[in-house]
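Here is what each chain is made of, one letter per residue.
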Amino acid sequence: MKNVITVAYQGEPGSNSASVANALYPANGELPCTSFSQALDAVILGDADVAVIPVDNSAAGRVADVHHLLPDSGLHIVAEHFLPIRFDLMGVAGGTLDQVEYVRSHVHALGQCRKVLREGGWRTLVSDDTAGAAREVAELGDPRHAALAPPAAAALHGLEVLRAEVEDDPDNTTRFVVLSREAAPVPQTGKPTMTSLFFSVRNIPSALYKALGGFSSSGVNLTKIESYQIGAGLNASRFYIEVEGHPGDDHVALALDELRFFSSEVRVLGVYPAHPYRLRSWSRREARQAGA
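Residues numbered from 1 in each chain as written. Predicted model: local features only at pLDDT ≥ 70, side-chain atom pairs only at ≥ 80, totals over all residues. Heavy atoms only, no water.

Caption draft 1: Region of interest: the overall build of the chain. Each helix and strand in the chain was counted, giving ten helices and 15 strands. A globule of 292 residues ought to have a C-alpha radius of gyration of about 19 Å, and the chain, at 21 Å, matches this closely. By residue count, 48% of the 292 residues in the chain fall in the buried class. The long-range fraction of contacts in the chain, counting pairs at least 24 apart against all pairs at least 6 apart in sequence, stands at 75%. In the chain, 25 side chains carry a positive charge and 34 a negative one; their mean positions are 5 Å apart. (Helix = DSSP H or I, 4+ residues; strand = E, 2+ residues; numbered from the N terminus. Rg over C-alpha atoms; globule rule 2.2 N^0.38 Å. Buried < 20%, exposed > 50% of the residue type's maximum accessible area, 1.4 Å probe, protein only. Contact = heavy atoms within 4.5 Å. Lys, Arg positive; Asp, Glu negative; His and termini not counted. Charge placed at Lys NZ, Arg CZ, Asp CG, Glu CD.)

Here it is as structure tokens:
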């Protein structure tokens, strides 16, 4: 991949997206954006080289709006990254947990920290971003207000951690993808590879069943399938899928040929190396199958 100059992401410095951007492209410029569409537009318009976007979370499911934006963006997935999610409850310096009455955060973060919120009995306030919630608390300077935010946000905004690692699920993980204007060709080396694509089936009986049948008969593992309505009314749905393998692999190529036969549109969104987190998951799956 070419040297990246600017990385766009939704959120503020100190957010999880910012942490991923810095982890993937350290010492490069960052472009914080107020929305996912703004981050994608930054890449489309050339204001950024890539965008780092969360697509799904192990606890909350898929990130709303993202998959609706991707098909028409013209951008390509060139990498993926899995980030363990940690939230700290933080307040103004000198404040105590007993003084807290309100907790601010993004709606997803509030949903992923229900246990501590229930224990505290605090009122919740929704912010646009987790790191933004920390900034808001710092600006208020009121010990009655606290934020649920990534650990980095506390130091960034001069806040004090009142309670660390308050997420409900210690295995809470968010998957991010990196989007670029140009595809990054992945050599067919036999190394674990992922392929993401969109398709729309033809208007014939059992089209979806037949379109996906090739993955089963060819032994291709389908790791994700999601449907999206195209526009209003009763138009045909568009499907997003992710499969293990490279389009150049014989068994994947056969599955894609069958998919195209029963589809009115097939568009490969990205071919990219599988992240090490996914490889560990595959190893655990294989171990369970071997012991079955």
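Let us keep going from here.
Caption draft 2: Expanded view of the pattern of salt bridges. Enumeration according to the criterion identifies 14 salt bridges in this entry. Glu119 is paired through a salt bridge with Arg163; the nearest N and O atoms lie 3.2 Å apart. A residue pair is termed long-range when its members are at least 10 positions apart, and Glu119 in helix α5 (residues 114–120) and Arg163 in strand β10 (residues 159–163) qualify at 44 residues. Classification of Glu119 by relative accessible area gives exposed; the value is 56%. (Salt bridge = Lys/Arg side-chain N within 4 Å of Asp/Glu carboxyl O.)

Caption draft 3: Broad picture of the nonpolar core. Core analysis: the biggest nonpolar cluster contains 27 residues, and Val52, Val103, Leu117, Trp122, Leu148 and Val178 have the highest contact counts within it. Elements with a minimum of two residues in this core: β1 (6–10), α1 (16–24), β3 (50–57), β5 (76–84), α4 (107–111), α5, β9 (145–149) and β11 (173–180). Excluding anything up to four places from it in sequence, Trp122 contacts Leu89, Leu97, Val100, Glu101, Val103, Val116 and Leu117. Core analysis: the next-biggest nonpolar cluster, separate from the first, contains 25 residues, Ala8, Ile53, Tyr272 and Ala274 among them. (Core = buried A, V, L, I, M, F, W, Y, C linked by side-chain atoms within 4.5 Å.)

Caption draft 4: Highlighting the packing of aromatic side chains. Per the stated rule, a full pass over the model turns up four aromatic pairs. Considering the side-chain rings of Phe199 and Phe239, the 5.3 Å spacing of their centres and the 20° angle between planes classify their relative orientation as stacked. With Phe199 in strand β12 (residues 193–201) and Phe239 in strand β14 (residues 237–244), the pair connects residues that are 40 residues apart, well separated along the chain. Owing to a relative accessible area of 11%, Phe239 belongs among the buried residues under this scheme. (Phe/Tyr/Trp six-rings, centres within 6.5 Å; stacked < 30°, edge-to-face > 60°.)

Caption draft 5: A look at the pairing of strand β2 (residues 29–33). In this structure, β1 lies alongside β2, joined through five bridges in parallel fashion. The residue of β2 that forms the bridge with Thr6 is Gly29. Crossover connection from β1 via α1 to parallel β2: handedness right-handed. (Pairing = 2+ DSSP bridges. Right-handed = clockwise from strand over helix to strand, strands pointing away.)

Caption draft 6: Region of the structure containing the sheet that holds strand β7 (residues 102–105). If you trace the five strands from one edge of the open sheet to the other, you get β8-β7-β9-β6-β10, paired in mixed fashion. At either end of the open sheet lies a strand with only one pairing partner, and these are β8 (123–126) and β10. Here the strands of the sheet are splayed against their neighbours by 35° on average, with no regard to which way each runs. The strands that helix α6 (residues 130–140) touches are β6 (88–92), β7, β9 and β10; relative to β9, the one it contacts most, it runs at about 160°. (Axes fitted to C-alpha atoms, helices over the stretch in contact; angles between N-to-C directions.)

Caption draft 7: Local environment of helix α8 (residues 207–217). Looking at α8, one finds that the buried residues are Ala207, Ala211, Leu212, Gly214 and Phe215. All buried residues of α8 project into a common sector of 125° when viewed along the axis, lining one side. For α8, the exposed residues lying more than 90 degrees away from the buried face are Tyr209, Ser216 and Ser217. Buried-residue contacts for α8 involve β12, β13 (222–229), β14, α9 (250–261) and β15 (263–273). Two residues or fewer past α8, Gly219 is found with a positive phi of approximately 70°. (Arc of directions from axis to C-beta.)

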